[in-house]
Amino acid sequence: MRSATALTSIMIKPFWLDASSFKSDLLAGITVSLVAIPQSLAYARLAGVPAYYGLYAALIPTIVGAIFGSSRQLSTGPVAMTSLLAAASVAPLATQHTELFYSCVILLALMSGIFQILFGIFRVGALLNFLSHPVLMGFINAAALIIGLSQLPTLLGIRAPQSSHFLLDIWHVVKNISALHALSLGFGIAAILMMVALKKFTPKLPGVLITVALLTWVSYAIGYADMGGKVVGAIPQGLPSLSIPKLDWNTSLSLLPASFVVALVSFMEAMSSAKVISNNTRQPWDENKELIGQGLAKVAAAFCHSMPVSGSFSRSAVNLASNARTGLSSVISAICVLLTLLFLTPLLFHLPKPVLAAIIMLAVIGLINFRVMLNAWRASKDDGIASFITFTATLAFSPNIQDGILIGIILSLALLLYRMMRPRIALLGLQQDDAADTDSHTTSPSHTRLSVIRFDGALRFINVSSFEKAILKLERDNPNLRTILVNCSGINEIDASGIDTLSKLITRFKANGTPLCFSELKKQVLDVVERTGLGETIGRDNLFHSHQSAVDTLLARVEKS
């Protein structure tokens, strides 16, 4: 029933066509297209598919993402991370630059899109938070390094081997650097310097487009292709043909894990952009609706014979900075791409591939942020370890970087379970704010006959043994103990295992003449205690609403005994 409600809640966002909004969206759409066109060509190379696949991905999928998503300024299309994941996922199944490889990339777009649509329909967007931020940043840092290094052969004009060990392939390129093509390196360095200079001194101008246009003209003028340089070459004019992607059962099964990873990681990238946009515009967005929108965009890409798409952080930032008001800006951006496909593709023939490599390298520099990993270590050693292991595993397994993120997800969940198994258990003084951890201090109560302990965490099957051990250790280490008070202010939930363990402990301690008392039980916990009859086992005289009144009452009891 909930899934049906979610599906019927998909609504096309209205594009309000008042004059001020239309003007802002028009200018924003044209500005974004000036960045999107060269980026699309570059990211198609990164995905291992022909350059025009990138233009196809920036056309209909961009419109679909704008219509069915929830964030008005999110720009959907080719992105670096998803493109790299696509290439890495398909590499074990097919050789690059073959029809089989292209078919697998298209199928990956379809399958990852279906995953995202299902996530959105069944409203499991919040569950995607199982991929912790430190793990995601470890993966992104490693992937950004891999993306940058993967462009090194093109930048140097050196043919690189494509084995199952990416780092060894890069080392091969470094060892053979004497074979570099000087003119290719010159184009690459010139592109980097021009884009950096234009961004610094004339940030309002489309630096990427200016660089591409100028260096493409230089390439044509000097005959770069005839001098051994690699250029984009012929790009088919016209619209992409729409057809159902070729489905193969065995290939689909092989791509299933990779499709899940692409759906997960690409949405994380889109979600981070949507959050930034929402914070800046104060406009709400819906993660489940955005999942459906991004999933439909991927499916549209597959039907257009293109590559997986996602929400672009860089182009969304341009959209936001250009004062876009609605998704109409993305539609206008797609129209500009359409005009390029119809009339301007011959002008891209002499575009040097080292220039595209330079575009990719500069784009991913902004993704590298080791400070976040360091802060994760400072905040929590567990998070720091998870981030570092994900980073290392992603590098070690490249080009199969999806294995790195899977290891990160498993490790993140394992550490979460480990922390849940070992909640903080504090031994309190007779004043509640006087506390010491039972794991790091001698468990001696401040009164020889009364001990107060606090359990910080839900009392569930996964950690009841920790609670039981702490109580038994307290009894064992303090033979004169006559009463134990459990402060329950940190217990938000209790399950059947918790009830069973408490019942056995209460019965045991009663037999030894040492009652277990409880204070500050929260309503939801007290309700479970009453429903299960545990309240009668504890005894009404041993349940207290206030912690201090419990201490005062129990002190008086033990002094009399």
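An account of the accompanying structure is given in this report. Every chain is numbered independently, its residues counted from 1 as its sequence is written. Restriction of local features to residues with pLDDT of at least 70 applies here, the model being predicted, together with a cutoff of 80 or more for giving and counting side-chain atom pairs; totals for whole chains, interfaces and linings are based on all residues. The side-chain values count all of the structure's non-hydrogen atoms but skip hydrogen atoms and water molecules.

1. Thoughts on helix H11 (residues 207-222)
Consideration 1: The helix count covers DSSP runs of H or I at least four residues long, the strand count covers runs of E at least two residues long, and both are numbered beginning at the N terminus. Helix span is expected to be 1.5 Å times the residue number reduced by one. End to end, H11 covers 22 Å across 16 residues, agreeing with the expected 22 Å (1.5 Å per residue, within 8%).
Consideration 2: In the stretch just after H11, Gly223 is the one whose phi turns positive, near 70°.

2. Things to note about the environment of Ser75
Consideration 1: Within the fold, Ser75 resides in strand E1 (residues 75-77).
Consideration 2: Classification of Ser75 by relative accessible area gives buried; the value is 4%.
Consideration 3: With 256 residues separating them in the primary sequence, Ser75 and Val331 have C-alpha atoms 9.7 Å apart. Only protein chains enter the accessibility calculation, which uses a 1.4 Å probe. A residue is then buried if its area is under 20% of the maximum for its type, exposed if over 50%, and partly exposed in between.

3. As for the layout of surface pockets
Consideration 1: The volume enclosed by the second largest pocket comes to roughly 1,300 Å³.
Consideration 2: In the cavity and pocket records, a cavity denotes points on a 1 Å grid over the protein atoms alone where a 1.4 Å probe fits but cannot get out, a pocket denotes an open set with protein on both sides within 12 Å along at least 5 of 7 lines, and lining residues are residues with an atom within 4 Å of a point. If you go around the second largest pocket, you meet 47 residues; those closest to its centre are Arg45, Gln96, His97, Thr154 and Gln162.
Consideration 3: Elements with a minimum of two residues in the lining of the second largest pocket: helix H2 (19-46), helix H3 (51-57), helix H5 (80-90), helix H7 (133-150), helix H8 (152-156), helix H9 (166-175) and helix H16 (353-365).
Consideration 4: Looking at the lining of the second largest pocket residue by residue, the class counts come to 26 nonpolar, 16 polar and five charged. Grid points are joined across faces, edges and corners, and a volume is the space filled by probe spheres set on the points. Only Asp, Glu, Lys and Arg are considered charged, only Ala, Val, Leu, Ile, Met, Phe, Trp, Tyr, Cys and Pro nonpolar, and every remaining residue, Gly among them, polar.

4. Looking at the side chain of Ser184
Consideration 1: Mapped onto the fold, Ser184 is located in helix H10 (residues 182-201).
Consideration 2: Once residues within four sequence positions are removed from consideration, Ser184 is found in contact with Thr154, Leu155, Leu156, Gly157, Tyr224, Gly229 and Pro354. Contacts: residue pairs with any heavy atoms within 4.5 Å of one another.

5. A look at the packing of aromatic side chains
Consideration 1: Aromatic pairing here means that ring centres of Phe, Tyr or Trp (its six-membered ring) are within 6.5 Å. Orientation follows from the plane angle: under 30 degrees is stacked, over 60 is edge-to-face, and everything else is tilted. Following the criterion strictly, the structure yields nine aromatic pairs and no others.
Consideration 2: Centroid distance Phe119 to Phe260: 5.9 Å. Interplanar angle 90°. Geometry classified as edge-to-face. You can see Phe119 sitting in helix H6 (residues 99-121) and its partner Phe260 sitting in helix H12 (residues 249-281), a full 141 residues away along the chain.
Consideration 3: Residue Phe260 is classed as partly exposed on the basis of its relative accessible area, which comes to 31%.
Consideration 4: Each member of the aromatic cluster is reached from another via a ring pair, and the members are Tyr52, Tyr53, Tyr56 and Tyr102.

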